[in-house]
Amino acid sequence: PWRMFDTLRRHDPVHWQPEPAPNSGFWAVTRHADIVRVDRDPSTFTSSRFVNLEEVDDDLMAIRRSMLETDGARHQVLRKILQRDFSHRAVAQYEVFLRGLTGRTLDAALAKGRFDFVKEVSADFPINVLARMLDVPESDTQKLIDWGNRIIGNTDPDYADVLLHSEESDRYRDLPFRSPAALEVFAYGRELAAERRGGTGTDLVSKLVNQPPSDGVPLSDTDFDNYFLLLVVAGNETTRHAISHSMLALLRHPDQLDRLRADPSLIPVAVEEFLRWASPVYHFRRTATRDVELGGKQVRAGDKVVLWFASGNRDEDVFADPYAFDVTRSPNDHVTFGKGSPHFCLGNTLARLEIRVMFSELLPRLADIRLTGDVRRVRSNFVNGIKELPVEVTLA
Ligand code: HEM
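Cut-offs and rules
The numbers attached to residues start from 1 for each chain and follow its sequence in the written order. Note on the predicted model: pLDDT of at least 70 is required for a residue's local features to be given, and 80 or more for side-chain atom pairs to be given and counted; whole-chain, interface and lining totals, by contrast, use all residues. Note that water and hydrogens are dropped before the side-chain values are worked out from all heavy atoms of the structure. Only nitrogen, oxygen and sulfur atoms qualify as donors, and only when within 2.8 Å of the metal (3.2 Å in the case of Na, K and Ca); with water excluded, sites may look incomplete. Secondary structure elements are taken from DSSP: a helix is a run of H or I of four residues or more, a strand is a run of E of two residues or more, and numbering for both begins at the N terminus. Only Phe, Tyr and Trp rings are paired, with Trp represented by its six-membered ring, and only when their centres lie within 6.5 Å; those with planes under 30 degrees apart are stacked, over 60 edge-to-face, the remainder tilted. A positively charged side chain is recorded as over a ring if its NZ (Lys) or CZ (Arg) lies within 6 Å of the ring centre. The angle to the ring normal must also be within 35 degrees. Type-normalised accessible area, obtained with a 1.4 Å probe on protein chains alone, sets the label of each residue: buried when under 20%, exposed when over 50%, and partly exposed for intermediate values. Here the rule is simple: two strands pair whenever DSSP picks up at least two bridges between them. It suffices for a single heavy atom of a residue to lie within 4 Å of a molecule or strand for the residue to be listed as near it. Any pair of N or O atoms that falls within 3.5 Å is considered a polar contact. Within protein, one atom must be able to donate a hydrogen and the other to accept it, and sequence-neighbouring residues count only if both atoms are side-chain atoms. Under the scheme applied here, ten amino acids are nonpolar (Ala, Val, Leu, Ile, Met, Phe, Trp, Tyr, Cys and Pro), four are charged (Asp, Glu, Lys and Arg), and all others, including Gly, are polar. Axis definition: a line fit to C-alpha positions, over the contact stretch in the case of helices; interaxial angles, taken between N-to-C directions, run 0 to 180 degrees. In this scheme, roughly parallel covers angles under 35 degrees and roughly antiparallel covers those over 145, while 65 to 115 is roughly perpendicular and the rest are oblique. Note on convention: the crossing is left-handed when the near helix lies turned anticlockwise from the far helix by less than a right angle, right-handed when the turn is clockwise. Contacts are residue-level and defined by heavy atoms, with any inter-residue pair within 4.5 Å sufficient. Take the number of residues in a helix, subtract one, and multiply by 1.5 Å to get its expected span. Note on charges: Lys and Arg go in the positive column, Asp and Glu in the negative column, and His and the chain ends are not counted at all. Here a salt bridge means any side-chain nitrogen of Lys or Arg lying within 4 Å of a carboxyl oxygen belonging to Asp or Glu.

### Comments concerning the coordination of the iron atom of the ligand
Part 1 of the reasoning: Among protein atoms, the single one acting as a donor to the iron atom of the ligand is Cys345 (SG), 2.3 Å away.
Part 2 of the reasoning: Mapped onto the secondary structure, Cys345 falls in the loop between helix 16 (309–312) and helix 17 (348–362).

Listed below in structure tokens is the structure:
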């Protein structure tokens, strides 16, 4: 999509894209400055009418709403329940665990010599971290991975049991991502909730069920279902794809790989470039609450407004030579996690730590790494995903 984004940014940065009914079209916002303007103004550009391109009416929205689709005071209340668990201080405590997990994952993969980097390294890693935060047994992680694939991969025939936009997917329209896998995630989450209600656990599920929201309005079952599902999917696919894209970028830019190997203290700065380059979430959508001018266009109340984060991350007005992958790029004002939004990614510190730990453990283990076949991508306009990355390594 990159060349198309370049053209739009240059010639029609807030572009009206017509769509067949019932979707009726959307504004494609492709410049960094406009993306930031929309993202930081939730009263004009609300998330409460859904955040991807799907048309969702009020009844459905009531069933499918998570914090991501909630604005205003209630959003703050929901976010606050777990905010501290994702703070710098809380996340830093996972570093030792993460290093152990990364080391084990890498040693097992690298011993094979030739392997699929996605399957052996990036796919399981983020979910194992979440499994720990949710306090679920490692033996359940494969289930969580499969659910994530089926839910986020619902436009990819390799993953989906029910393809989005198929006639069959209408049968599941009251479920998040119209995926039957959501029902299994709900059932699993509710079982955990029942076990932990009234207990003293400090895991995320225990907090959701035992910590009363600060506005005194308890979480309904639906609130819990959607919160739990959001945690399972938001931190899984995204981080996986960020790690796979970072590896691919290093494979395609061996000079940058050499630079990092020569000076590992560059890794934290490189992580920001990895995130800009990867843009694992292509877009999120807002809905205009009033008539408003945006980039010289007249947006009407009710119009869909789509923030193409991936395009913002290649905006030449913000990034000098945006198609150069430069692990020392600084400043690096990417919009990979959103920008200035109350919905700014709750897991950003955790994701950054996971990627930093992954590459600081991986690089010293490698004498060489090469691509050995075709890279296969996830079919989606929502996640920028890689599903196969065949590599061969020589150990240091
Ligand atoms: C929200 C991207 C990792 C949990 C978001 C948003 C984006 C995003 C773009 C919406 C921002 C906006 O609307 O302005 C990513 C990327 C990740 C990542 C690219 C990995 C590289 C994680 C992780 C978690 C997580 C590890 C942990 C569970 C969430 C949650 C929200 C969110 C709960 C909703 C926040 C809210 O509505 O207030 N993420 N994310 N994400 N992310 Fe992430």
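Don't stop here, the text continues.
### Here's the deal with the packing of aromatic side chains
Part 1 of the reasoning: Under the definition given, this model contains 12 aromatic pairs.
Part 2 of the reasoning: A connected cluster of aromatic rings, assembled from ring pairs, spans Trp147, Tyr188, Phe224 and Phe228.
Part 3 of the reasoning: Over the ring of Tyr323 we find Arg3; its NZ or CZ atom is 4.7 Å from the centre of that ring.
Part 4 of the reasoning: Positioned above the aromatic ring of Trp277, the side-chain terminus of Arg314 is 4.7 Å from the ring centre.

### Observations regarding unusual backbone geometry
Part 1 of the reasoning: Following Ser330, the chain continues to Pro331 via a peptide bond in cis, the omega torsion being 0°.
Part 2 of the reasoning: Among the structural elements, Pro331 can be located in the loop between helix 16 and helix 17.
Part 3 of the reasoning: Of note in the backbone geometry, Ser279 takes a positive phi value of approximately 35° without being a glycine.
Part 4 of the reasoning: When you line up the elements, Ser279 lands in the loop between helix 15 (267–278) and strand 5 (283–288).

### Comments concerning the pairing of strand 5
Part 1 of the reasoning: With 6 of 6 residues buried, strand 5 lies mostly within the body of the structure.
Part 2 of the reasoning: Residues His283, Arg285 and Thr287 point to one face of strand 5 and Phe284, Arg286 and Ala288 to the other, with burial holding for every one of them.
Part 3 of the reasoning: As paired elements, strand 3 (residues 45–46) and strand 5 share 2 bridges and run antiparallel to each other. Looking at the pairing, Thr46 lines up with Thr287 of strand 5.
Part 4 of the reasoning: Here strand 5 runs beside strand 8 (residues 304–308); their pairing, made up of 5 bridges, is antiparallel. Paired with Arg285 across the bridge in strand 8 is Val306.

### Side note on the site of the ligand
Part 1 of the reasoning: Inspection of the region around the ligand gives 30 residues, with His75, Arg79, Arg286, His343 and Cys345 positioned closest.
Part 2 of the reasoning: At 3.3 Å, a side-chain N or O of Ser341 approaches an oxygen atom of the ligand.
Part 3 of the reasoning: Within the side chain of His343, an N or O atom sits 2.7 Å from an oxygen atom of the ligand.
Part 4 of the reasoning: For the shell around the ligand, the secondary structure elements donating two or more residues are helix 4 (72–83), helix 12 (221–234), helix 13 (237–252) and strand 5.
Part 5 of the reasoning: Residues of the shell around the ligand, tallied by class, amount to 18 nonpolar, 9 polar and 3 charged.

### Overview of the packing of helix 8 (residues 125–134) against helix 9 (residues 141–152)
Part 1 of the reasoning: Contact geometry of helix 8 with helix 9 gives a least axis separation of 10 Å together with a crossing angle of 120°. The pairing of helix 8 with helix 9 is recorded here as oblique in orientation. Here the hand of the crossing between helix 8 and helix 9 comes out right-handed. Contact residues: Ile127, Asn128 and Ala131 in helix 8; Thr141, Leu144 and Ile145 in helix 9.
Part 2 of the reasoning: The residue makeup of the contact of helix 8 with helix 9, split by class, is 4 nonpolar, 2 polar and no charged.

### Re the environment of Asp107
Part 1 of the reasoning: By secondary structure assignment, the location of Asp107 is in helix 6 (residues 95–110).
Part 2 of the reasoning: Judged by its relative accessible area of 43%, Asp107 falls in the partly exposed class.

### Quick word on helix 15
Part 1 of the reasoning: If you check helix 15, its first and last C-alpha atoms are 16 Å apart, about what 12 residues at 1.5 Å a residue would give, namely 16 Å.
Part 2 of the reasoning: The element helix 15 is extensively covered by neighbouring structure, given that 10 of its 12 residues are classed as buried.
Part 3 of the reasoning: Buried residues of helix 15: Ile267, Ala270, Val271, Glu272, Glu273, Phe274, Leu275, Arg276, Trp277 and Ala278, and no others.
Part 4 of the reasoning: On the buried face of helix 15, the contacting elements are helix 13, helix 14 (254–262) and helix 17.

### Observations regarding the side chain of Asp116
Part 1 of the reasoning: Summarising the element assignment, Asp116 is placed in strand 4 (residues 114–116).
Part 2 of the reasoning: Buried and unpaired, Asp116 has Lys119 as its nearest opposite-charge partner, separated by 6.9 Å.
Part 3 of the reasoning: Within polar-contact distance, the side chain of Asp116 engages the backbone nitrogen of Leu389 at 2.8 Å.
Part 4 of the reasoning: Asp116 has contacts with Val121, Lys387, Glu388, Leu389 and Pro390, leaving out every residue within four places of it along the chain.

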